[in-house]
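Fold and contact review
So you can see what is in the structure, the chains are spelled out below.
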Amino acid sequence: GSAPLWAALESALQDGQGGAEVLSLVARDPLGGALTFDVPGLAGWQGDVATYHSGPPTPQGELGAVRGFHGSGALSSGSRNDPARGTITSPPFVLQGRRLSGLVGGGTRRQRVGVELLVDDVVVQSGSGVEGDFLYPWLWDITEHQGKHARLRVFDRSKDAHVLVDRVLLWN
């Protein structure tokens, strides 16, 4: 049951541990920190990597008006002056836990931008923004895919919209 987990959480909170330590008891980044997008670069990602920006806001305008990202940065397609298009796919990771969560913003699926979860190269979940620069959470049930290898695909096939992704976590 969940009693041992609650006991561990209560103990961590009473011991004065920070939020990151407590969160690590119930959730983790499946790529060891790469899916927080706090630092520049997309090592291991495949596809149109040059069309995406990862990390903190830049002088070129990436993330300047974005709200709702966690930490110091997020993943973004394009910039104010360059409506870039393309698709990137994450390195593979094993689905362990009950849920996969993340933050997504930018355009809508209708605008042909978003994020997808691929299991055995088949889309099993997808999400997109709501036509704005605020990131909203998604929470996907992954119980039927336990132990399988998965990848995230982030896509921007729009001439006038972009996609934003941040803070992807697997939940116990």
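This text gives an overview of the structure that appears in the document. What you are looking at is a predicted structure, and each value in this text was computed from that prediction instead of being measured.

With 26 residues, the main nonpolar core has Leu117, Leu152, Val154 and Val165 as its most contacted residues. Sorting the residues of this core by element identifies β7 (99-106), β8 (113-119), β10 (132-141), β11 (149-156) and β12 (163-171) as the ones contributing at least two each. Contacts of Val165, omitting those with residues within four sequence positions, involve Phe37, Ala74, Leu75, Leu103, Val115, Leu135, Trp138 and Val154.

Glancing now at the side chain of Glu116. Looking at the secondary structure, you find Glu116 in strand β8. Side chain to side chain, Glu116 and Arg153 meet in a polar contact 2.7 Å long. If we skip the residues at most four places from it in the chain, Glu116 touches Arg109, Val123, Gln125, Ser126, Trp140, Arg151, Leu152, Arg153 and Phe155.

Looking at the element boundaries, Ser76 is found in strand β4 (residues 74-77). Along the chain, Ser76 and Gly55 lie 21 residues apart, while their C-alpha atoms are 8.9 Å from each other.

We now examine a nonpolar patch on the surface. A grouping of Val130, Phe134 and Tyr136 is seen on the molecular surface, where their side chains present a nonpolar patch of about 290 Å² in accessible area. Considering the arrangement of structural elements, one finds Tyr136 in strand β10. For Tyr136, a relative accessible area of 39% translates into the label partly exposed.

Before going further, it helps to spend a moment on a positive patch on the surface. A contiguous patch of positive charge on the surface is contributed by Arg85, Arg112, Arg157 and Lys159. As for its placement among the helices and strands, Arg112 is situated in the loop between β7 and β8.

This part is about the pairing of β8. When you tally the buried positions in β8, you get seven out of seven residues, the bulk of the element. Residues Val113, Val115, Leu117 and Val119 point to one face of β8 and Gly114, Glu116 and Leu118 to the other, with burial holding for every one of them. Strand direction decides the pairing type here: β8 and β11, joined by seven bridges, are antiparallel. Directly across from Val119, in β11, lies its bridge partner Ala150. Direction of pairing for β8 relative to strand β9 (residues 122-127): antiparallel, over a ladder of five bridges.

With that settled, the discussion passes to the pattern of salt bridges. Counted under the stated rule, the structure contains two salt bridges. We note a salt bridge from Asp141 to Arg99, for which the minimum N-O separation is 3.6 Å. You can see Asp141 sitting in strand β10 and its partner Arg99 sitting in strand β7, a full 42 residues away along the chain. Given the relative accessible area of 40%, Asp141 is considered partly exposed. One salt bridge in this structure joins Glu116 and Arg153, with 2.7 Å as the shortest N-O distance. Remark: Arg153 occurs in strand β11 and Glu116 occurs in strand β8; sequence separation between them is 37 residues. Glu116 sits in the buried class, given a relative accessible area of 5%. For Arg153, a relative accessible area of 24% corresponds to the partly exposed category.

What counts and how
Sequence positions are assigned chain by chain, starting from 1 and proceeding in written order. Side-chain atom pairs in this predicted model are given and counted only at pLDDT of 80 or more, local residue features only at pLDDT of at least 70, and totals for whole chains, interfaces and linings cover all residues. Here the side-chain values reflect all heavy atoms present in the structure, with hydrogen atoms and water set aside. Put simply, buried Ala, Val, Leu, Ile, Met, Phe, Trp, Tyr and Cys residues joined by side-chain atoms within 4.5 Å make one nonpolar core. Residue burial is assigned from relative accessible area. The probe radius is 1.4 Å, only protein chains are included, and a residue is buried under 20% of its type maximum, exposed over 50%, and partly exposed in between. Working definition: helices are DSSP H or I runs of at least four residues, strands are E runs of at least two. Numbering for both runs from the N terminus. Residues count as neighbours in contact if any of their non-hydrogen atoms are within 4.5 Å of one another. As used in this structure description, the phrase polar contact means that two N or O atoms lie within 3.5 Å; if the pair is within protein, one of them must be able to donate a hydrogen and the other to accept it, and residues adjacent in sequence are counted only when both atoms belong to side chains. Residues forming no salt bridge and having over 30% relative accessible area are the ones grouped into patches, like charges within 9 Å of each other and nonpolar side chains (Val, Leu, Ile, Met, Phe, Trp, Tyr) within 5 Å. Using a 1.4 Å probe, accessible areas were evaluated by the Shrake-Rupley method; residue-level cover was limited to the displayed protein chains. Note on definitions: salt bridges are taken to be side-chain nitrogens of Lys or Arg within 4 Å of carboxyl oxygens of Asp or Glu. Asp and Glu are treated as the negative residues and Lys and Arg as the positive ones, with His and the ends of the chain left uncounted. By convention, charge coordinates are those of NZ in Lys, CZ in Arg, CG in Asp, or CD in Glu. In this analysis, strands are considered paired if DSSP registers two or more bridges between them.

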